[in-house]
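# Residue-level structure breakdown
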Amino acid sequence: MENIVEELRHLMAEKLDRNIKLEEIDPDAPLLGDGSKLDSLAIVELITLSEENFGIEFGEDDLTMEAFANLRTLAGVIAARRVPAGA
Amino acid sequence: MSFANILDQIVTSGQTRQNILTDGQFTCTYGEVPAWLEQIEQFLAQHGIGSGVCLAVECINSLPSALLLLELLRKGTSFILTPPATGSSDLKPTPHFCGYRLTVEAAPAGDAAPSFPVCFLRLESNPGYNGRPATPEKLYLRTSGSMGAAKIVVHTHEKLLGNARNCVEKYGFAPESRAVIPVPLAHMYGFGAEFLPAIMAGASIDLLDRMNLLKYLDRERRFQPTIAFVTPAICDMLLKGYKTPRTTYAVFVTSGQRISEELFRTFDPWVGGRLINQYGSTEMGATAACDPDDSLDRRATTIGRPMSGVQLRVDALPEEASTAPGVGELYCQHPYGFEGYVNEHGEWLHQAAPDSWYRTGDLATVRPDGPIIVVGRADASVNRSGYLVLLSDIERIMEKLAAIGEVAVVAGQGENQQGQRIAAFCVPRPGMLLDGAQLRQLCFDVLPQYAIPDEVRMLEALPTLPSGKVDRQALAALVP
């Protein structure tokens, strides 16, 4: 799971184009709400980037404020989606 | 009937008084509203604010904001309604005709503050006040025009309610309705076309502040809305988040900016085929819209039927000026339109004569079977090699190219042999890697020679105004 968190940190710093430095990204810091660096467009981009990077598709139940609370919770959702059906 | 009477009925009727108003954090029933309004009334009275003063109100999509607006309308207090400034660049000074600035905060003032909802209200006197007594029952709004300087639009409360009644009729607001409001309460659209109609029908309301995809999905699950008013940008966003089509919307309205036919047709099935494009303006209010039962073709391409009492007319352009046959200027006669424009001092810049026809500034064409199609802004056209070229036509055609996600076409300051320079700014569809020059080449297959943009530039995103509309002035400034 730590690998997923790390990959997400790199995605945010490198692919999101919001001028966020890798060192500044705290996996437990809130992604949403006041003080977040992510505007509504960035959230949509993060969803698309995550799906492309991890080869998954978020389900209806995954796209919640709770799942995207911070990178660690997001990593948890991604990890769950990665498990192939029936495994 | 006055707004006070209407409100009295809603908060006491058995049919409506249990319906709720919520902002995700606070909730109250219509029956509980009078107690909250009294708190606000006392607060204003304590500060000597009666209806002889005009207020500058800055509000967000919150329950305290909604309650404040209801109280102001109930008392006939005049106010200018503005959204919070998003940055120092769009900080507008308080108009000189306002005695006070009343801001609704997102968080309460502090421990010593009084209780709900007053703890969210911040009142300051306006040092620039010119001392003139206010005319009662006026609503002032700055226009969100994408071209030129902002003017302050003046509406009477009475006509505001007339406009709202039209929307109740057109969209079927009823006590059983559940209206989610993700667009700003501080604009004519959110306030006049959705919030007030919902209130007048006693419908349940969910106010969404600082909309994002995840928040919308969460609140949609919880609130189960049957009515939503959005913008094309929100439709685009929801396409990324919707995994199964929504079947619970009676009507899903988009407005504020022209929605591309592609986006309309793509998004419509996701809201059960109930997508409606509303045509209107801050000056006129809600002007025309299709009915949800109209065919997709009609809803995707026309502005539908005018609201009750509204008349529309297309004045043909002179034959030699146009190669777009049947295209003319759209005029509107609206029973609930604006009084006129004023400046920051409250002085009239323009007064609309009663029964006058308002020049919408849009170009339109009338289909043989009746419905009107709005084709673009009248001031967004250029002369190229003797042809009148509508920039929106170029946009419409370029939008159909697979590589393009969004495009805005603007005229430049300079001229070349063909006429005014045209530049297209494109946001590529995800995964498309063409550059501007390559995209321009594609234009040769789909556009007549004289309409091909002189340059095509790729952008990550189109710059927008606080209203969400494309900032065409900013783009035009980039063109030589």
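One structure accompanies this document, and this report is about it. Since the model is a prediction, treat every value here as computed from it, not as a measurement.

Rules behind the numbers
Residues numbered from 1 in each chain as written. Chains lettered and ligands numbered in written order. Predicted model: local features only at pLDDT ≥ 70, side-chain atom pairs only at ≥ 80, totals over all residues. Helix = DSSP H or I, 4+ residues; strand = E, 2+ residues; numbered from the N terminus. Rg over C-alpha atoms; globule rule 2.2 N^0.38 Å. Buried ≥ 20, exposed ≤ 12 C-beta atoms within 10 Å, placed from the backbone. Contact = placed C-beta atoms within 7 Å. Arc of directions from axis to C-beta. Pairing = 2+ DSSP bridges. Axes fitted to C-alpha atoms, helices over the stretch in contact; angles between N-to-C directions. Nonpolar A, V, L, I, M, F, W, Y, C, P; charged D, E, K, R; others polar.

## Here we look at the overall build of chain A
Counting its regular elements, chain A contains three helices and zero strands. In chain A, the succession of helices and strands from N to C terminus is α-α-α. The globule rule puts the C-alpha radius of gyration for 87 residues at 12 Å, and the 12 Å found for chain A is close to it. Principal-axis analysis of the C-alpha atoms gives chain A an extent of 40 × 20 × 20 Å. Per-residue burial for chain A yields a buried fraction of 23% across its 87 residues. Residue pairs at least 24 apart in sequence account for 59% of intrachain contacts in chain A once pairs closer than 6 positions are excluded.

## With respect to the overall build of chain B
The helix and strand tally for chain B stands at 12 helices and 26 strands. Seen along its three principal axes, the alpha-carbon backbone of chain B occupies a region of about 70 × 50 × 45 Å. Among the 480 residues that make up chain B, the fraction classed as buried is 46%. Long-range contacts, defined here as pairs at least 24 residues apart, represent 66% of the contacts in chain B between residues at least 6 apart.

## Some details on the environment of E58 of chain B
Residue and element names in this part refer to chain B. With respect to the helices, strands and loops of the structure, E58 is situated in strand 3 (residues 55-58). When the C-alpha atoms of E58 and L296 are compared, they prove to be 38 Å apart, with 238 residues separating the residues in sequence. If we ignore the near neighbours within four places in the chain, the residues touching E58 are T82, P84, T103 and V104.

## Side note on helix 1 (residues 3-12) of chain B
Residues and elements named next belong to chain B. Every buried residue of helix 1 is listed here: F3, L7 and I10. Seen end-on, helix 1 carries its buried residues on one side only, within an arc spanning 65°. Looking at helix 1, the residues exposed on the side facing more than 90 degrees away from the buried face are A4, N5 and T12. Those residues of helix 1 that are buried are in contact with helix 3 (63-75), helix 4 (157-171) and helix 5 (188-201).

## Here we look at the sheet that holds strand 21 (residues 372-377) of chain B
Residues and elements named next belong to chain B. With antiparallel pairing, four strands are arranged side by side in an open sheet as 16-17-20-21. Two strands lie at the open edges of the sheet, namely strand 16 (311-316) and strand 21, each paired on one side alone. Direction aside, the axes of adjacent strands within the sheet are offset by 45° on average. Sheet topology note: the strand 16/strand 17 (residues 327-333) ladder contains six bridges and is antiparallel. Its bridge partner lying in strand 17, D315 is registered against E329.

## Details of the interface of chain A and chain B
Often, the extent of an interface is quoted as the loss of accessible area upon association of its parts. In this assembly, 14 residues from chain A lie in contact with 15 residues from chain B. Taken together, the residues of the side of chain A that touches chain B break down into eight nonpolar, four polar and two charged.

## Quick notes on the sheet that holds strand 3 of chain B
All names here are of chain B. Here we have eight strands laid out as an open sheet, ordered 6-5-3-4-7-8-18-19, and mixed in their pairing. With one partner strand each, in any of the chains shown, strand 6 (121-125) and strand 19 (348-351) form the two edges of the open sheet. Each adjacent strand pair in this sheet contributes to an overall mean axis angle of 25°, direction not counted. The strands that helix 4 touches are strand 7 (138-142) and strand 8 (152-156); relative to strand 8, the one it contacts most, it runs at about 80°.

## So, unusual backbone geometry
All names here are of chain B. In this structure, the amide linkage connecting F116 to the following residue, P117, adopts the cis form with an omega of -5°. Take P117: it is sitting in the loop between strand 5 (100-104) and strand 6. The backbone of R210 sits at a positive phi, close to 45°, despite the residue not being glycine. The residue R210 is located in the loop between strand 10 (204-207) and helix 6 (213-223) in this model. For R210, a count of 16 C-beta atoms within 10 Å corresponds to the partly exposed category.

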